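Each chain is listed here by its residues.
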Amino acid sequence: MSLIPSWFGGRRSNVFDPFSLDLRDPFKDLPFPSSSLSPSNFPQTLRENTAFVNTRIDWKETPEAHVFKADLPGLKKEEVKVEIEDDRVLQISGERNVEKEDKNDTWHRVERSSGKFMRRFRLPENARMDQVKASMENGVLTVIVPKVEEKKPEVKAIEISG
């Protein structure tokens, strides 16, 4: 049930109500027909940009490491690349392939992105570039970049004579 009150006889029609019964065709004003929403009918740049924009990555810093987590649902580890460039740049890239179509299928909505994606992060000076580790489990890529241990100043007690 919606939290937005309805003033139209029980029928919700507020544009901000996600449960509204009045559905608007978001593809109506775009330069391709909305009746054929097959991924192959989308312009190539739109498909690639959608995948690029939808790749979500979190970066947190712990006392021991920099930890990156990327949501990559439906991808296998073989379809993802994790690379470190000389100038301290971590690059995560890959490709989501378009689902194979059957000529008898009728597409009603295409929301899952496909295409190539790439994200780059400049790592700070305290990152140990030679010890980066990556793992993938349940569609979540985790990249761990250990930090250089900070040398704590050595304190030496001096005996006071007198």
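Given the structure is predicted, the values throughout are model-derived calculations rather than measurements. (Residues numbered from 1 in each chain as written. Predicted model: local features only at pLDDT ≥ 70, side-chain atom pairs only at ≥ 80, totals over all residues. Heavy atoms only, no water.)

*Asks:* How should I be thinking about the sheet that holds strand 5 (residues 115-122) in this particular structure?
*Replies:* In any sheet, the strands associate via hydrogen bonds between backbone groups, in a parallel or an antiparallel arrangement. The strand order across the open sheet formed by three strands is 3-4-5, and the pairing between neighbours is antiparallel. Of all the strands in the sheet, the pair left with one neighbour each is strand 3 (80-85) and strand 5. Taking each pair of neighbouring strands and ignoring which way they run, the sheet shows an average axis angle of 15 degrees. Sheet analysis places strand 4 (residues 89-96) next to strand 5, joined by eight bridges and oriented antiparallel. Bridged to Q91 within strand 5 is R120. (Pairing = 2+ DSSP bridges. Helix = DSSP H or I, 4+ residues; strand = E, 2+ residues; numbered from the N terminus. Axes fitted to C-alpha atoms, helices over the stretch in contact; angles between N-to-C directions.)

*Asks:* It is not clear to me how unusual backbone geometry should be interpreted in this structure. Could you clarify?
*Replies:* Only a minority of non-glycine residues have a phi that is not negative, and only a minority of peptide bonds are not trans. Unlike most non-glycine residues, R88 shows phi in positive territory, near 65 degrees. Its location among the elements puts R88 in the loop between strand 3 and strand 4. For N138, which is not glycine, the phi dihedral falls at a positive 55 degrees.

*Asks:* Looking at this structure, I do not really get the side chain of Q91. What am I missing?
*Replies:* Tracing the backbone shows Q91 in strand 4. Separated by 3.1 Å, the side chains of Q91 and R120 make a polar contact. For Q91, the contacting residues outside a window of four places in its chain are K81, V82, E83, E85, M118, R119 and R120. (Polar contact = N/O pair within 3.5 Å; in protein donor to acceptor, adjacent residues only side chain to side chain. Contact = heavy atoms within 4.5 Å.)

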